[in-house]
Amino acid sequence: MQTVLSLLQRYNRTLFMAAVLLLYVQAEEAWPAVAAPAPATIPDSVVLVLKLVSASYVKPVTGVVISSDGLVLVPADFVAA
């Protein structure tokens, strides 16, 4: 009797694992393929501005070019002393 019970338990375990595997495979196939997002494009008018704070520290910020001769608009706290 014990042998029959252990065989049934193994059979149930095997059947359960097969069902889980089948569901897993079907779930992966159901997901649509997702393409990687396109890289962000930065307009030419946006530039990186660096402020030398000390001999070993540079503070970066982005600025916007507002004139043809290269005038760049930056945040007020960037130019504050």
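Being a predicted model, the structure only gives us computed values, none of them experimental.

Undergrad: Could you clarify how one ought to interpret the overall build of the protein chain in this entry?
TA: Each helix and strand in the protein chain was counted, giving two helices and three strands. The order of α-helices and β-strands along the protein chain, N terminus first, is α-β-β-β-α. Buried positions account for 5% of the 81 residues belonging to the protein chain. Taking the intrachain contacts of the protein chain between residues at least 6 apart in sequence as the baseline, contacts between residues at least 24 apart amount to 16%. Surface exposure of the protein chain reaches about 7,400 Å², of which carbon and sulfur atoms provide 68%.

Undergrad: Sorry, what's going on with the packing of aromatic side chains here?
TA: Given two aromatic rings, one states the distance between the centres and the angle between the planes to describe the pair. Summed over the entire model, instances satisfying the criterion amount to zero aromatic pairs. Across the ring face of F78, the terminal group of K51 is positioned such that the distance to the ring centre comes to 5.8 Å.

Undergrad: Would you take a moment to explain the sheet that holds strand β1 (residues 46–54) for this structure?
TA: Whenever strands of a sheet pair, they do so through backbone hydrogen bonds, lying parallel or antiparallel. Read from one edge of the open sheet, three strands run β1-β2-β3, paired in antiparallel fashion. Edge positions in the sheet fall to β1 and β3 (72–73), since each of these pairs with one other strand and no more. Sheet topology places β1 next to strand β2 (residues 57–65); eight bridges connect them, and they run antiparallel. When the sheet's bridge partners are listed, V46 is paired in β2 with V64.

Undergrad: Would you explain a nonpolar patch on the surface in this entry?
TA: Taken together, the side chains of I42, V46, V64, I66, L71 and L73 define a hydrophobic patch exposed on the protein surface, amounting to about 540 Å² of accessible area. Here V46 lies in strand β1. Residue classification places V46 among the partly exposed residues on the basis of a relative accessible area of 31%.

Undergrad: Looking at this model, I keep getting lost on the pairing of β2. Mind explaining?
TA: Looking along a regular strand, one sees side chains alternate from face to face of the sheet. Where β1 hands over to β2, the hairpin turn is made up of two residues, counted between the paired strands. Of the strand pairs in this sheet, β2 and β3 are connected by two bridges, and their pairing is antiparallel. Directly across from V64, in β3, lies its bridge partner L73. In textbook terms, the turn of a hairpin is the stretch between consecutive antiparallel strands, and for β2 and β3 this stretch comprises six residues, one of which, G70, has a positive phi near 100°.

Undergrad: Even after reading the chapter, I still don't get the confidence of the model for the protein chain, so can you show me in this structure?
TA: Do not read the predicted coordinates in detail wherever pLDDT is low. With 85% of its residues at a pLDDT of 70 or more, the protein chain has an overall mean of 79. Here helix α1 (residues 2–30) stands out as the element of the protein chain with the lowest mean pLDDT, 73, in contrast to β3, whose mean of 89 is the highest.

Conventions adopted
- Residues numbered from 1 in each chain as written.
- Predicted model: local features only at pLDDT ≥ 70, side-chain atom pairs only at ≥ 80, totals over all residues.
- Heavy atoms only, no water.
- Helix = DSSP H or I, 4+ residues; strand = E, 2+ residues; numbered from the N terminus.
- Buried < 20%, exposed > 50% of the residue type's maximum accessible area, 1.4 Å probe, protein only.
- Contact = heavy atoms within 4.5 Å.
- Areas by Shrake-Rupley, 256 points an atom, 1.4 Å probe, with all protein chains shown as cover.
- Phe/Tyr/Trp six-rings, centres within 6.5 Å; stacked < 30°, edge-to-face > 60°.
- Lys NZ or Arg CZ within 6 Å of the ring centre and 35° of its normal.
- Pairing = 2+ DSSP bridges.
- Patch = residues over 30% accessible without salt bridge, like charges linked within 9 Å, V, L, I, M, F, W, Y side chains within 5 Å.
- Salt bridge = Lys/Arg side-chain N within 4 Å of Asp/Glu carboxyl O.
- pLDDT = per-residue confidence, 0-100.

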